[in-house]
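Single-letter residue listing:
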Amino acid sequence: TKGYVNCIDPDQADVLVYNTCSIRDKAEQKVYSALGIQAERKRKQPDLKIVVAGCVASQEGETLLRRVPELDLVMGPHHANRIGSLLEQVELGQQVCAIEPIHIEEDIAVPRRDSNTTAWVNVIYGCNERCSYCVVPNVRGVEQSREPDAIRRECHAVGEAGYKEITLLGQNIDAYGRDLDAVLPKKEDGTPQRWRFTDLLYHVHDAPGIERIRFATSHPRYFADRLIKACHELPKVCEYFHIPFQSGNNDVLKAMKRGYSRERYLDIVNNVRKYMPDASLSADVIVGFPGETEEQFMDTVTLIQEVGFDLVNTAAYSPRPMTPAAEWENQVADLVKQDRLHRINRVVKQVAEERSQRYLGRVEEILVEGANPKNPTQLMGRTRGNKLTFFEGPLECQGKLVDVLIEEARAFSLTGRMVQP
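A quick note: this is a predicted structure, and the numbers were derived from the prediction, not measured.

Asks: Is there a simple way to think about the overall build of the protein in this case?
Replies: In terms of helices and strands, the protein carries twelve helices and 18 strands. Here the C-alpha atoms of the protein give a radius of gyration of 23 Å, agreeing with the 22 Å that 2.2 N^0.38 yields for 421 residues. Referenced to the eigenvectors of the C-alpha coordinate spread, the extents of the protein come out at roughly 65 × 60 × 55 Å. With 421 residues in all, the protein has 52% of them scored as buried. Intrachain contacts of the protein at a sequence separation of at least 6 include 69% that bridge at least 24 residues.

Asks: Looking at this structure, I do not really get the packing of helix α6 (residues 148–160) against helix α7 (residues 197–204). What am I missing?
Replies: Packed helix pairs are specified by the crossing angle of their axes together with the interaxial distance, meaning the distance between the axes. Relative to each other, α6 and α7 sit at 40°, their axes nearing to 9 Å. On the basis of their axis angle, the class for α6 and α7 is oblique. The handedness of the crossing between α6 and α7 comes out as right-handed. Taken together, the residues of α7 that come into contact with α6 (itself represented by P148, D149, I151, R152 and C155) are L200, H203 and V204. Each residue belonging to the contact of α6 with α7 can be placed in one class, and the counts come to five nonpolar, one polar and two charged.

Asks: Whenever I open this one, helix α4 (residues 83–91) confuses me. Can you help?
Replies: Every α-helix winds through 3.6 residues per turn, so residues three or four apart in the chain are directed the same way. Taken together, the buried positions of α4 are occupied by G84, L86, L87 and V90. The buried residues of α4 occupy an angular sector of 160° when projected down its axis, which confines them to one face. Here the buried face of α4 lies against β1 (15–20), β2 (49–54), β3 (73–75) and β4 (96–98). Remark: G93 follows α4 within two positions and exhibits a positive phi of approximately 95°.

What counts as what
Residues numbered from 1 in each chain as written. Predicted model: local features only at pLDDT ≥ 70, side-chain atom pairs only at ≥ 80, totals over all residues. Heavy atoms only, no water. Helix = DSSP H or I, 4+ residues; strand = E, 2+ residues; numbered from the N terminus. Rg over C-alpha atoms; globule rule 2.2 N^0.38 Å. Buried < 20%, exposed > 50% of the residue type's maximum accessible area, 1.4 Å probe, protein only. Contact = heavy atoms within 4.5 Å. Axes fitted to C-alpha atoms, helices over the stretch in contact; angles between N-to-C directions. Parallel < 35°, antiparallel > 145°, perpendicular 65-115°, else oblique. Left-handed = near helix turned anticlockwise from the far one by under 90°. Nonpolar A, V, L, I, M, F, W, Y, C, P; charged D, E, K, R; others polar. Arc of directions from axis to C-beta.

Take it as geometry only, folks, not as evidence of what the structure does.
Right, here's the structure in full:
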C-alpha cells in the first residue's frame, strides 16, 4: 500500500532495512561497518532512506542516530508491523527512533517466506527470563503470546497455500500462554485452565496440507512432561527437540540464572527418549562464561558425550551491554575461550558423527526442500529428526515426502538414494 516493492540489489534500493541481532558483539560490529558504507552513499543520494531494525536498534536507540546521523529510522522489534507509518514520518523530514515497548498488534500483511515448502510461524514474542549473560529481554521486551485462534488461522492459511511444514517460533516457546487472558474450558472442578504451549500444538495440529510440525526454542526450566507426551501422540509433530543447556556445570548454571540443574536437564532427555527413543536432540552452549574453570568446562564436555546430541550450537561467551555478567571482574581470557571453543567443537562433531551412524541402511522419510545448491544433480531435504539429506531425483519432488535409503552418514548430513515406497 506504500508503493514499495522488494529490491534484490541493495545499491538500487530506495529504502535499506538492516534487521539486526545483538546476541554477540561480532554481529553488532558488522552492522556499524555496513552503515558506514551506506552513510557515505546517502551523502550523495539524499533521498535514500536507511533503517536499522531489530535488537541492535532497541539496544542502542538514539545512540545510533548520534553515531550515524545519516540514519532515518531506528526501529525495535515490537515496531516491525508499523514500518509503513514510521516511514511516513521519515518522509515528512523527521529522524525517527521507535524503540519503546508496545503491545504487538496482529499483522494483516502476508509474511515473506524464503521457502515454498517450510514456513515459520511466530507464536510468542519477547522473554521474561533474566539470564545474566543475555540481552534479549532488554531488546525484545516482555513475553507477548499471540492469540491461539490467530496462530491457528495462520497455520491453516500456510497449509492451504501449499506449504508442507511449519515451525512454531518463540524465544521461550514453553512460556506460551502465561500472559493470555484467554482460557480453555474449565476443569471438572470448575477451575479455569490457562493456555499452554501443549494446548496450542493440539489446536493447530489439524492444519490442512501440513505434514510436519516443529517448534523452537525450548527452555529446560519449563519443559513439561505433558509436552513430551503430546509430541509422542501427535503424528505431525517431528521427533526433534532443540533444548539449550548452556553449561553442564551446576555452579555455572546458577551464575547464569538459568533456573535448572544438570540433573534436571538429564531427566528431560531421559523422558524424551522414554517416549521417543530415536528422537533427535540439539542444544546451545556457551564456553568461557565469567569464572568458568577448566573443571567446569569439562562438565559441559561430558554432558554432550552423555546425552549424545545430534547437533550443538557453540559460542564463546561475549559480554553484552545491559547484562550483569558483562560487569563481572572474573572474565575468562579470550585465548582460553577460543581454546575451549575449538576443543568442544571437536567433541560436538565426534558425538554427532557417532549419532549419525544409526541412519545407515535405514529408509528415511524426507521432505524435499529443493535442489542442492552445491550440486544441482542432487535434491536435498530433511528427516523428521531434522538431519539434512542429499540424494538424486527429479526437481518435481520438491515439496513432497519421499523415501530415501541412507548410504552415507556424516556428522551433520546424510546421503542416500530415493526408493519406491
